[in-house]
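Take a look at the letters that make up each chain.
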Amino acid sequence: MNRIDGRKENELRPVTMTANFVDFAEGSVLIQCGKTKVLCCASVEDGAPRHVPEGTGWVTAEYSMLPRANRERSRRDVSKLKLSPRSAEIQRLIGRSLRAAVDLSALGDRTITIDCDVLQGDGGTRTASVTGGFAALALACKKLAAEGRLEKNPIRGHVAAISAGIVEDAPLLDLCYEEDSRAMVDLNCVMDEAGRLIEIQGTGEGRSFTAEEQRKLVELCAGGIRELIKKQKEILGG
């Protein structure tokens, strides 16, 4: 099928990542995927949650969309001190994905929080948050190691995420909003740089889908994630 922006079925939207976008966070990245823009900031604090073994660190995430991130104004996520269910689910995904990239025992008794704030949403905000969030996390860990606060960098390897979907029976990588709103099937995929799966979220929005269709979507995501990891390495210096 002909895509709205003329891309091939396996082609990402234009992606840029700007490191150290804000001054005060230990690590920060502005990631832009097409019209989607997410600011990811990593903050380091001493101490870890009670459920974490002594001497072990923790990585967590928070996710929010600004009121005019979408085409119409939405209410702020925090209402009566409760997150929207969507934001709560997404930030758990981001946290799980980023913890897979870190040797928590090497982090020491610290917590790193990745704040992912969607400045503009045009599809793929959760996957952009994982990809940009990892880069912000890696910058923070690199800074801790350079300052001598860590004996070694706790990052095990790169992690990135992308979405794919089936629109008019065609499998497509990295759906923009117009494609996502018409998708029969939607799939989010998180992988490490070795191509191993960390998480898959697949949903039959308009119809069920086969194992073969899922395999095709995962293959599309794998190709996109390899490109995203190259982008991460460019801004992180290898």
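Structure: see above.
Residues numbered from 1 in each chain as written. Predicted model: local features only at pLDDT ≥ 70, side-chain atom pairs only at ≥ 80, totals over all residues. Heavy atoms only, no water.

1. Some words on the overall build of the protein chain
Filter applied, for reference: Only DSSP runs of H or I covering at least 4 residues are called helices, and only runs of E covering at least 2 are called strands; the numbering of each starts at the N terminus. In this scheme, a residue with accessible area under 20% of its type's maximum is buried, one over 50% is exposed, and one in between is partly exposed, where area comes from a 1.4 Å probe on protein chains only. Contacts were defined at the residue level, with two residues in contact if any of their heavy atoms lie within 4.5 Å. Only the protein chains shown count as cover for residues, with accessible areas throughout obtained via the Shrake-Rupley method and a probe of 1.4 Å.
A tally of regular secondary structure across the protein chain gives five helices and nine strands. In terms of overall dimensions, the protein chain has a C-alpha envelope of 55 × 40 × 30 Å along the principal axes. Counting across all 238 residues of the protein chain, residues that qualify as buried make up 50%. Residue pairs in contact within the protein chain that sit at least 24 positions apart in sequence constitute 69% of those at least 6 positions apart. Accessible surface, the protein chain as shown: approximately 11800 Å² in total, 47% of it carbon and sulfur.

2. Notes on unusual backbone geometry
The residue asparagine 20 is not glycine, and still its phi comes out positive at about 55°. Summarising the element assignment, asparagine 20 is placed in the loop between β1 (15–19) and β2 (27–33). One non-glycine residue, aspartate 174, lies in the positive phi region at around 60°. Relative to the helices and strands, aspartate 174 is located in the loop between β7 (170–173) and α4 (177–180).

3. Some remarks on the pattern of salt bridges
Our working rule: Any carboxyl oxygen of Asp or Glu within 4 Å of a side-chain nitrogen of Lys or Arg constitutes a salt bridge here.
Throughout the structure, instances matching the rule amount to 17 salt bridges. Of the charged contacts, one joins arginine 96 and glutamate 199 as a salt bridge, the two residues approaching to 2.7 Å between their closest N and O atoms. On the criterion of sequence distance, the pair formed by arginine 96 in helix α1 (residues 85–99) and glutamate 199 in strand β9 (residues 197–204) is long-range, its members being 103 residues apart. By relative accessible area, arginine 96 is classed as partly exposed at 35%. The partner of arginine 149 in a salt bridge is glutamate 147, and the shortest N-O contact between them spans 3.3 Å. By relative accessible area, glutamate 147 is classed as partly exposed at 45%. Taken together, the salt bridges that share partners define one network made up of Arg3, Asp5, Arg7 and Glu179.

4. Quick notes on α1
The condition is simple: For a helix, the expected span equals 1.5 Å multiplied by the number of residues minus one.
Its 15 residues give α1 an end-to-end C-alpha distance of 21 Å, which sits within 8% of 21 Å, the value for a rise of 1.5 Å per residue. Against β4 (58–65), β5 (110–120), α3 (125–146), β6 (159–167), β8 (185–192) and β9 lie the buried residues of α1.

5. Re the sheet that holds β6
Rule in force here: Here, any two strands with at least 2 DSSP bridges between them count as paired. Inter-axis angles, ranging from 0 to 180 degrees, are taken between N-to-C directions of lines fitted to C-alpha atoms, where helices are fitted over the stretch in contact.
Taking strand neighbours across the sheet as the criterion, the four strands line up as β7-β6-β8-β9 in an open arrangement whose pairing is antiparallel. Strands at the two margins of the open sheet, each flanked by one partner only, are β7 and β9. With direction set aside, neighbouring strand axes in the sheet form an average angle of 15°. Pairing of β6 with β7 involves four bridges; the strand directions are antiparallel. Opposite glycine 165, over in β7, you have leucine 172 as the bridge partner.

6. Here we look at the nonpolar core
Where we set the bar: Nonpolar cores are built from buried Ala, Val, Leu, Ile, Met, Phe, Trp, Tyr and Cys residues. Side-chain atoms within 4.5 Å join them into one set.
In terms of nonpolar packing, the biggest core is built from 62 residues, with Val59, Ile94, Ile112, Ile114 and Leu137 touching the most fellow members. By residue number, the principal contributor to this core is α3, which donates eleven residues. When neighbours within four sequence positions are excluded, isoleucine 94 is seen to be in contact with Ala61, Tyr63, Cys116, Arg126, Ser129 and Val130. Ranked by size, the runner-up nonpolar core spans five residues in total, among them Val167, Ala170, Leu175 and Ala183.

7. Some words on the sheet that holds β1
Strand order in this open sheet of five strands is β1-β2-β3-β5-β4, and the pairing throughout is mixed. Pairing within the sheet leaves two strands with one partner each, and these edge strands are β1 and β4. Strand-to-strand twist of the sheet, defined as the mean angle between neighbouring strand axes without regard to direction, takes the value 20°. Two strands pair when backbone bridges link them, and β2 and strand β3 (residues 36–46) are joined in this way by seven bridges, in the antiparallel orientation. Residue isoleucine 31 lies in a different strand from β3, and its bridge partner there is valine 38. Along the sheet, α3 makes contact with β1, β2, β3, β4 and β5, crossing β3 at roughly 35°. Contacting β1 and β2, helix α5 (residues 211–236) crosses the sheet at an angle of about 25° to β1.

8. Focus: the environment of isoleucine 198
Mapped onto the elements of the fold, isoleucine 198 is located in strand β9. C-alpha of isoleucine 198 to C-alpha of alanine 25: the two residues are 173 residues apart in sequence and 27 Å apart in space. Other than its neighbours up to four places away in sequence, isoleucine 198 contacts Ser97, Ala100, Val159, Val190, Met191 and Asp192.

9. Section: the packing of α1 against α3
Filter applied, for reference: Working definition: roughly parallel below 35 degrees, roughly antiparallel above 145 degrees, roughly perpendicular at 65 to 115 degrees, and oblique for all remaining angles. When the near helix sits turned anticlockwise from the far one by under a right angle, the crossing is termed left-handed; a clockwise turn instead gives a right-handed crossing.
Contact geometry of α1 with α3 gives a least axis separation of 10 Å together with a crossing angle of 40°. Of the possible angle classes, the one that applies to α1 and α3 is oblique. At the point where α1 passes α3, the crossing takes the right-handed sense. For the pair α1 and α3, the contacting residues are Arg86, Glu89, Ile90, Leu93, Ile94, Ser97 and Leu98 in the first and Thr125, Arg126, Ser129, Val130, Gly133, Phe134 and Leu137 in the second.

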